Amino acid sequence: MTKIKFGIAGLGRIGKIHLDNLLRMDEVEVVAVADPIATELEMARKKGIELVTPSYETMINSKTLDAVVICTPTDSHANYVEIAAKAGIHVFCEKPLDLNLNRVVEVLSIVKASGVKLMLGFNRRFDKEFVKIRDLVEGGEVGVPHLVKITSRDPGAPPISYIKKSGGLFLDMSIHDFDMARYIVGKEVIEVYAKGAVLVDEKIGEAGDIDTAIVILTYEDQSMAVIDNSREAKYGYDQRIEVFGSKGMVQSNNNFHDSHRLYTATGVEASLPLHFFLERYAEAYKNELLNFLGCLINGDSLPVNGQDGLISLKIGLAALKSIKEERPVRIEEIQ
Ligand SMILES: NC(=O)c1ccc[n+]([C@@H]2O[C@H](COP(=O)([O-])OP(=O)(O)OC[C@H]3O[C@@H](n4cnc5c(N)ncnc54)[C@H](O)[C@@H]3O)[C@@H](O)[C@H]2O)c1
């Protein structure tokens, strides 16, 4: 069997997850990695990767890659996608593609002209709890969806240096929820109304961001979604979705360390939710790459494409504008 040859750029939190998942796939050979940090390259060398280099360009120009997985900081995504597309290499890129709408449009047109496949890392579409909800909604079990509720709270804020570069709450974190709001009911968003505050850490406010938000989305058929976000939930990663419709309601719960319930005279006790994304979405990360692989091997259509990235970015930009101008903002205003 000819294996699909992969390169990975960026071996930080998410890059290591993708590397380990790819190394376990029979149809894949990871032939190269790029990261400026020597210890990360050494870690990859020990795992048997042939080419380890601080330079993305060197990795791309090695002429051996069929596909690349981009896990570098957000400000390099667009350039790296462009370079790979021009070299005829398929791309799996972590979200978001870029923080600038014009740049995303430009890169998507370069990708289209090149004919390579580009998949975005909206991993929650591959989480079994959310897939179940989506399937039930699609199967008509709750009737016509009227209301969607998404709770998405992190256990703790990232470093301020990450917040400054990543796009902040809406473009780095809530962008997953904007994508889920579209995915879970299969409808497009036409309007965004957001309120935000700094309630967790004033340094986040000093960095020009918020750490707590409510976002109301209106879909094309006037049904609505409400998203609540916080950078700090003391009890762990809180990831829940509910869809309420004309025939009923479906909810997903958090994933816990275990499912025990201890009942005593003083109350009922349970384990905490899985702590953060690396634990909660471990299976989803695996599934998303298996899907990408399926697209490369069997020509399956991409489950998350560049347009999905563009639309979620537009919702995020509309949320930022809504906060700034203290009014609902229509998606068509974001050009
Ligand atoms: N889908 C998800 O659930 C998810 C989760 C976390 C992060 N992300 C996204 O993944 C990206 C990386 O986030 P992270 O948390 O892993 O960051 P990180 O800081 O942990 O890792 C980034 C890595 O990229 C390396 N790097 C920096 N510049 C580079 C360059 N020019 N070429 C090659 N490597 C370079 C760094 O040395 C580091 O090892 C971000 O865009 C983030 O939004 C997605």
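## A few points about the overall build of the protein
When you go through the protein residue by residue, the secondary structure sums to twelve helices and 15 strands. The C-alpha extent of the protein, read off along each of the three principal axes, is 60 × 55 × 45 Å. When each of the 335 residues of the protein is scored for burial, the buried share is 43%.

## With respect to the environment of Val192
Position of Val192 relative to the elements: it lies in strand S8 (residues 189-197). Expressed as a C-alpha distance, the spacing of Val192 and Leu217, which sit 25 residues apart in the sequence, is 4.8 Å. Discounting residues that sit within four places of it in the chain, Val192 has contacts with Val215, Leu217, Ile315, Ala318, Ala319, Ser322, Pro328 and Val329.

## Quick word on the pairing of strand S11 (residues 238-245)
Burial of S11 is one-sided: the residues Gln239, Ile241, Val243 and Gly245 facing one way are buried, the residues Asp238, Arg240, Glu242 and Phe244 facing the other way are not. Here strand S7 (residues 145-153) runs beside S11; their pairing, made up of eight bridges, is antiparallel. Bridged to Ser152 within S11 is Gln239. The sheet contact formed by S11 and strand S12 (residues 249-251) spans three bridges and is antiparallel. Among the inter-strand pairings, Val243 is bridged to a residue of S12, identified as Val250. Linking two consecutive strands that pair antiparallel, namely S11 and S12, is a turn of three residues.

## A few points about helix H6 (residues 128-138)
Buried within H6 are the following residues: Phe130, Ile133, Arg134 and Val137. Each buried residue of H6 lies within a common arc of 100° when the element is viewed along its axis, so the set occupies one face. Projecting away from the buried face of H6 at angles above 90 degrees are the exposed residues Lys128, Lys132 and Asp135. Contact partners of the buried residues in H6: S7, helix H8 (168-185), S11 and S12. Gly140 lies just past H6 and shows a positive phi near 80°.

## Notes on the sheet that holds strand S3 (residues 51-53)
Note: strands within a sheet are paired through backbone hydrogen bonds, in either parallel or antiparallel orientation. The parallel open sheet is built from six strands, whose spatial order is S3-S2-S1-S4-S5-S6. The open sheet has two free edges, formed respectively by S3 and strand S6 (118-120), since each of these has just one partner strand. If you compare each strand with its neighbour and ignore which way they point, the axes differ by 20° on average. Where strand S1 (residues 4-9) meets strand S4 (residues 67-70), four bridges bridge the pair, whose relative direction is parallel. Its bridge partner being in S4, Ile8 is matched across the sheet by Val69.

## A short note on the environment of Lys187
One can find Lys187 in the loop between H8 and S8. Sequence spacing of Lys187 and Gly316 is 129 residues, and the spatial spacing of their C-alpha atoms is 17 Å. Those residues within four positions of Lys187 in sequence are excluded, and the remaining contacts are Arg182, Tyr219, Glu220 and Asp221.

## Comments concerning the sheet that holds S7
One open sheet accounts for seven strands, arranged S12-S11-S7-S10-S9-S8-S15; its pairing is mixed. In the strand order of this sheet, the two ends are held by S12 and strand S15 (329-330), each with one partner. As paired strands, S7 and strand S10 (residues 224-230) are joined by seven bridges and run parallel to one another. Note on S10: the bridge partner recorded for Arg153 is Ser230. H6 contacts S7, S11 and S12 of the sheet and is inclined by roughly 5° relative to S11. Sheet contacts for H8: S7, S8, strand S9 (212-219), S10 and S11; angle to S7, the most-contacted strand, approximately 150°.

## What to know about the domain arrangement of the protein
Parsing the protein into structural domains produces domain 1 (4-116) and domain 2 (126-283 + 312-333). Taken over C-alpha atoms, the centre of domain 1 sits 28 Å from the centre of domain 2. At the interface, ten residues of domain 1 touch nine residues of domain 2. For the side of domain 1 that touches domain 2, the secondary-structure elements that each account for two or more residues are helix H1 (13-23) and helix H5 (101-114). When the residues that make up the side of domain 1 that touches domain 2 are grouped by side-chain class, the tally is six nonpolar, one polar and three charged.

## Concerning helix H11 (residues 282-298)
With 17 residues, H11 should reach 24 Å at 1.5 Å per residue; the first-to-last C-alpha distance of 24 Å fits that figure. The complete set of buried residues in H11 reads Ala284, Tyr285, Glu288, Leu289 and Phe292. Axial view of H11: buried residues confined to an arc of 135°, hence all on one face. Against the buried residues of H11 lie H1, strand S5 (90-93) and S6. Of the residues flanking the end of H11, it is Gly299, one or two places downstream, whose phi is positive at about 75°.

How each quantity is defined
Residues numbered from 1 in each chain as written. Predicted model: local features only at pLDDT ≥ 70, side-chain atom pairs only at ≥ 80, totals over all residues. Helix = DSSP H or I, 4+ residues; strand = E, 2+ residues; numbered from the N terminus. Buried ≥ 20, exposed ≤ 12 C-beta atoms within 10 Å, placed from the backbone. Contact = placed C-beta atoms within 7 Å. Pairing = 2+ DSSP bridges. Arc of directions from axis to C-beta. Axes fitted to C-alpha atoms, helices over the stretch in contact; angles between N-to-C directions. Domains from an automatic or database assignment. Nonpolar A, V, L, I, M, F, W, Y, C, P; charged D, E, K, R; others polar. Expected span 1.5 Å × (residues − 1).

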